[in-house]
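Remarks on the overall topology
These are the residues of each chain, in order.
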Amino acid sequence: MKRLSTQQLIPGMIVADDVMTSNHQMILPKNTVLTDAQIMKLDLYGILTVHVRDRIIEQPNTPPAFTGPSYFERIKQSTRFKVFKKAYEEEVDSFKGMINNVVEKNTQLDIKELLSRSLLMVTDVKGHISILDMLHNMREYDDSTFAHCLNVGLICNVFARWLRLSDDEVEMATACGLLHDVGKLLVPHDIIVKPGKLTDLEYHQVKKHSMEGYQLLMSQKIDAHICNAALMHHERCDGSGYPHGLMADEIDSYAKMVAIADVYDAMTSARVYRAPICPFKVIEIFEAEGLQRYDVTYVLCFLENIVNTYIQNRCRLSDGREGTIIFINKPRLSRPVVQCADEYVNLAEEPELCIDALL
């Protein structure tokens, strides 16, 4: 038996102990054989590590019928993506240098400088969803804390605009996302990147990152919302989060936004066993498991705007048929109407079917 981070899990691993939230809500029972959907569920619940058995049960691997370049592969081949990728990599390096100076040399954090290049990246991309689509292609299995923070900052920027917040509030949301995980930089690096079993002590060190980040940012005397986002981004509206088990009204509004962006980034990231996941699969898990855990106004706005951007997009259904997404079902955002040749498939009325991939 060993304790692994959720990023190290692969389908077929067997859960060795019951997986519970901090308020003792069952997520996965002992002896569950993990699937891709269950690993994403662990991301949704903010579970950092899981005890698994040493053996793995082989999972069936059905090759997709579609043989052309996928939706995300076409984005990756585009000139726009190549320009974005260069700017993104430069910004990760710049962000890393700035934050390392704060952590290691106790220099004063300049929020305006921190925001300037990130906001320029958003401005340079026409159509905010393009940023989210391109971030799908920036995922790497051994992703760094710095890249994750940049991802969450950019997602929060888009999210705040979807919420129709003011320009100042959009900037605040972006800053909260950029700095939400700064506490992980105070956890020994060998623990963060450790490829094998974490000890209980190492696990507790990782779990303290939200409090460590809060204390670091408080010492910088910056806006309380930014400090609270670092402290509260693992809190959940039903009280099942940590470090304090706060309820809905007790959680900072920006921290609620960061929590959604944080888990979306984790769930859509590429893993060692698969490419980036189809957004509709992520949305389905949010609908099934997340509406009570996250602020419902925020999460429904976030999911609806993501879904709306894929109207008229080609997709493949789980039975192999290909078609075009033509209508969104608001009560079931993950299950739109798809036109397959002359047939209209309402996925809200076809529970055995789902969107398997964007084409």
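Provided above is the structure to which this section pertains.
Now for a description of the structure that goes with this document. (Residues numbered from 1 in each chain as written. Predicted model: local features only at pLDDT ≥ 70, side-chain atom pairs only at ≥ 80, totals over all residues. Heavy atoms only, no water.)

Some remarks on the overall build of the chain
The number of helices and strands found in the chain is 14 helices and ten strands. Projected onto its principal axes, the C-alpha coordinates of the chain cover approximately 65 × 50 × 40 Å. For the chain, with 359 residues in total, the buried portion stands at 53%. The contacts of the chain with a sequence gap of at least 6 include a subset with a gap of at least 24, amounting to 66%. Within the structure as shown, the chain displays about 16300 Å² of accessible surface, and the carbon and sulfur contribution to it stands at 51%. If you average the places of the 38 positive and of the 49 negative side-chain charges in the chain, the two averages end up 3 Å apart. (Helix = DSSP H or I, 4+ residues; strand = E, 2+ residues; numbered from the N terminus. Buried < 20%, exposed > 50% of the residue type's maximum accessible area, 1.4 Å probe, protein only. Contact = heavy atoms within 4.5 Å. Areas by Shrake-Rupley, 256 points an atom, 1.4 Å probe, with all protein chains shown as cover. Lys, Arg positive; Asp, Glu negative; His and termini not counted. Charge placed at Lys NZ, Arg CZ, Asp CG, Glu CD.)

Some remarks on the sheet that holds strand E1 (residues 2–5)
A sheet is described by the order of its strands in space; here three strands give the open sequence E1-E5-E2, paired in antiparallel fashion. Each edge of the open sheet is held by one strand with a lone partner, namely E1 and strand E2 (13–15). Adjacent strand axes in the sheet meet at a mean angle of 55 degrees when their direction is disregarded. (Pairing = 2+ DSSP bridges. Axes fitted to C-alpha atoms, helices over the stretch in contact; angles between N-to-C directions.)

Topic: the side chain of Thr268
Mapped onto the secondary structure, Thr268 falls in helix H12 (residues 253–268). Reaching out from Thr268, the side chain makes a polar contact with the backbone oxygen of Tyr264 at a distance of 2.7 Å. (Polar contact = N/O pair within 3.5 Å; in protein donor to acceptor, adjacent residues only side chain to side chain.)

Details of helix H7 (residues 167–179)
Along its 13 residues, H7 runs 19 Å from first to last C-alpha, staying within 8% of the 18 Å computed at 1.5 Å per residue. Taken as a whole, H7 has its buried residues at Val170, Met172, Ala173, Thr174, Ala175, Cys176, Gly177, Leu178 and Leu179. (Expected span 1.5 Å × (residues − 1).)

As for empty space enclosed by the protein
Where empty space is left becomes clear once a probe the size of a water molecule has been rolled over the atoms. For the structure shown, the criterion picks out one cavity of 30 Å³ or more. In this structure, the largest cavity spans a volume of roughly 50 Å³. Along its surface, the largest cavity is lined by Glu235, Arg236, Cys237, Ile251, Lys256, Ala259, Ile260, Arg293, Tyr294 and Asp295. Class assignment of the residues belonging to the lining of the largest cavity gives a composition of five nonpolar, no polar and five charged. (1 Å grid on protein atoms, 1.4 Å probe; cavity = no way out; pocket = protein on both sides within 12 Å on 5 of 7 lines; lining within 4 Å. Points joined across faces, edges and corners; volume = space filled by probe spheres on them. Nonpolar A, V, L, I, M, F, W, Y, C, P; charged D, E, K, R; others polar.)

Details of the side chain of Thr21
By the secondary structure assignment, Thr21 is in the loop between strand E3 (19–20) and strand E4 (26–28). Assessed through its relative accessible area of 7%, Thr21 is described here as buried. Beyond its immediate stretch of four places on either side in the chain, Thr21 contacts Ile27, Tyr45, Ser240 and Arg293.

Structural notes on the pattern of salt bridges
Under the definition given, this model contains 14 salt bridges. Between Arg316 and Asp356 there is a salt bridge, and its shortest N-O distance comes to 3.2 Å. Of this pair, Arg316 sits in strand E6 (residues 314–317) while Asp356 sits in strand E10 (residues 355–358); the two residues are 40 residues apart in sequence, bridging distant segments of the chain. Here the salt bridges do not stand alone but share partners, grouping Lys281, Arg316 and Asp356 into one network. (Salt bridge = Lys/Arg side-chain N within 4 Å of Asp/Glu carboxyl O.)

What about the environment of Leu4?
Its place among the elements puts Leu4 in strand E1. On the accessibility criterion, Leu4 (4% relative accessible area) is buried. Each C-alpha atom, one on Leu4 and one on Leu198, is 6.3 Å from the other, the two residues being 194 residues apart in sequence.

A look at the packing of aromatic side chains
Throughout the structure, instances matching the rule amount to eight aromatic pairs. Here the aromatic rings of Phe95 and Phe146 are separated by 6.1 Å at their centres, their planes lie at 80 degrees, and the arrangement is edge-to-face. Separated by 51 residues along the polypeptide, Phe95 in helix H3 (residues 79–105) and Phe146 in helix H6 (residues 145–162) bring together distant segments of the chain. On the basis of relative accessibility, which here comes to 3%, the residue Phe95 falls in the buried class. Accessibility expressed as a relative area gives 10% for Phe146, which makes it buried. Through a chain of ring-to-ring contacts, the aromatic side chains of Phe159, Trp162, Tyr264, Tyr298 and Phe302 assemble into a single cluster. Across from the ring centre of Tyr242, 4.9 Å away, lies the NZ or CZ of Lys207, which sits over that ring. (Phe/Tyr/Trp six-rings, centres within 6.5 Å; stacked < 30°, edge-to-face > 60°. Lys NZ or Arg CZ within 6 Å of the ring centre and 35° of its normal.)

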